[in-house]
Amino acid sequence: MATNVTGVSGNYVAADTIQTPRVLPRLSWGAIFAGVVLAVAVQVLLSILGTGIGLSMVDPVEGTTPGAAGFGIGAGLYWLITTVVALGAGGYAAARVSGVTERFDALVHGLVVWGVTLILTIYLLTSAVGGIIGGAFRTVGTVASAAGSTVGAAARAAPTAASVAGIDQSDIRQEAADYLSDAPSDPAQMTPEQAQKEVAKELPALARGGAEGQRAESRIVDIVAAQRKISRPEAQAQVTQAKQRFVDTKNQAVATAKSAADTAAGAASKTSFILVLALLVGAGAAAFGATAATRRRVR
């Protein structure tokens, strides 16, 4: 408010009072808070509604339950639509309550509403309150981690697997020595149980390969020939065949684990891109709702 002196008469001063418009702050946090509350409330309301609609479509008795792929796509589209509606309403409410007259100021209010809502959502997903909600997002990382562990476990030899299991290799060797302490060195004099234990003792060295693996293979061939009472070439053929089956099985397990890891990584990558796109769409919705609520400038 400003006062304009127009003249002096005796002891009185004539003045005109001019009302000047009140300057509003360019960013109203109260309006932003109101927009965030409204956006979260609308999102929760529509999510509960969507859950009810989804559950009503499940009918295992009649066999009309939708497939997992179609159900997931429908849920994703519904989530995107509800996000657009909620953030649009929150941005509109924030800009309208703040009373801004500039479109840029309204745009900032809408984007801040989007940012605060995003931060609040991330907090809920990473806290104990949102443990159940965030379970689906953490599943992708869990599957990828489990697949990667399977690849490593399948590719490692027996001593490494024992180390992962928390078993000391020296304990294993000592245990094997105790079992085989009374086993004769001549394979022909071994009982079937002693022969099996002796073969089991040589298998880790056979898996490692090299000169030690060759000695282990020769020892296994001698045991097989003596126990089955066949010639050494026949025993060598049987051991070679069993060794090849083991290698094929291991390679198949490694290939399967690698394929699972690649599939999980691809799914996680697609999910990340879709999530970024959804967030950008939400930001656009909040900005559009805010600019649509811009008040006309009072002239």
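Residue positions are counted from 1 within each chain, in the order its sequence is given. Only residues with pLDDT of 70 or above have their local features reported here, since the model is predicted, and side-chain atom pairs are shown and tallied only from 80 upward, although totals for entire chains, interfaces and linings are computed over all residues. Only heavy atoms go into the side-chain values, all of them from the structure, while hydrogens and water stay out.

So what exactly am I meant to see when it comes to the overall build of the chain here?
Going along the chain from the N terminus, every DSSP run of H or I of four or more residues is numbered as a helix, and every run of E of two or more is numbered as a strand. From N to C terminus, the chain includes nine helices and two strands. Starting at the N terminus and walking to the C terminus, you meet the elements of the chain as β-β-α-α-α-α-α-α-α-α-α. Taken across its 299 residues, the chain has 25% of its residues classed as buried. Throughout, a contact is declared for two residues whenever any of their heavy atoms are within 4.5 Å. Counted over contacts in the chain with a minimum sequence separation of 6, partners at least 24 positions apart contribute 60%. For the chain, the accessible surface area stands at approximately 19700 Å², while carbon and sulfur atoms represent 65% of it. Exposure classes here rest on a 1.4 Å probe applied to the protein chains alone. A residue is buried below 20% of its type maximum, exposed above 50%, and partly exposed in between. The Shrake-Rupley method, run with a 1.4 Å probe, gives the accessible areas here. Residue values count only the displayed protein chains as cover.

Would you mind going over the side chain of T291 with me for this structure?
For T291, the position within the fold is in helix α9 (residues 232-292). T291 sits in the buried class, given a relative accessible area of 15%. Polar contacts, as counted here, are pairs of nitrogen or oxygen atoms within 3.5 Å of one another; within protein the pair requires one atom able to donate a hydrogen and one able to accept it, and residues that are adjacent in sequence qualify only if both atoms are side-chain atoms. Only 3.0 Å separates the side chain of T291 from the backbone oxygen of F288, close enough to count as a polar contact. Non-local contacts of T291, meaning those with residues more than four positions away in its chain, are made with R103, A106 and L107.

Please explain the pattern of salt bridges as it appears in this structure.
Where charged atoms from two side chains of opposite charge come close, those side chains can pair. Salt bridges, as used here, are contacts in which a Lys or Arg side-chain nitrogen is within 4 Å of a carboxyl oxygen on Asp or Glu. The final tally for this structure, using the stated rule, is four salt bridges. Residue E217 is joined to K243 by a salt bridge in which the shortest nitrogen-to-oxygen separation is 3.5 Å. Of the two residues, E217 sits in helix α8 (residues 210-228) while K243 sits in helix α9, which places them 26 residues apart along the sequence. Here K243 falls in the partly exposed class, since its relative accessible area comes to 34%. Residues R232 and D222 are paired through a salt bridge, measuring 2.8 Å at the closest nitrogen-oxygen approach. Taken as a pair, R232 in helix α9 and D222 in helix α8 lie far apart in primary sequence, 10 residues in all. Classification of R232 as partly exposed rests on a relative accessible area of 37%. Salt bridges sharing partners connect three or more residues here, namely E198, K201 and R219.

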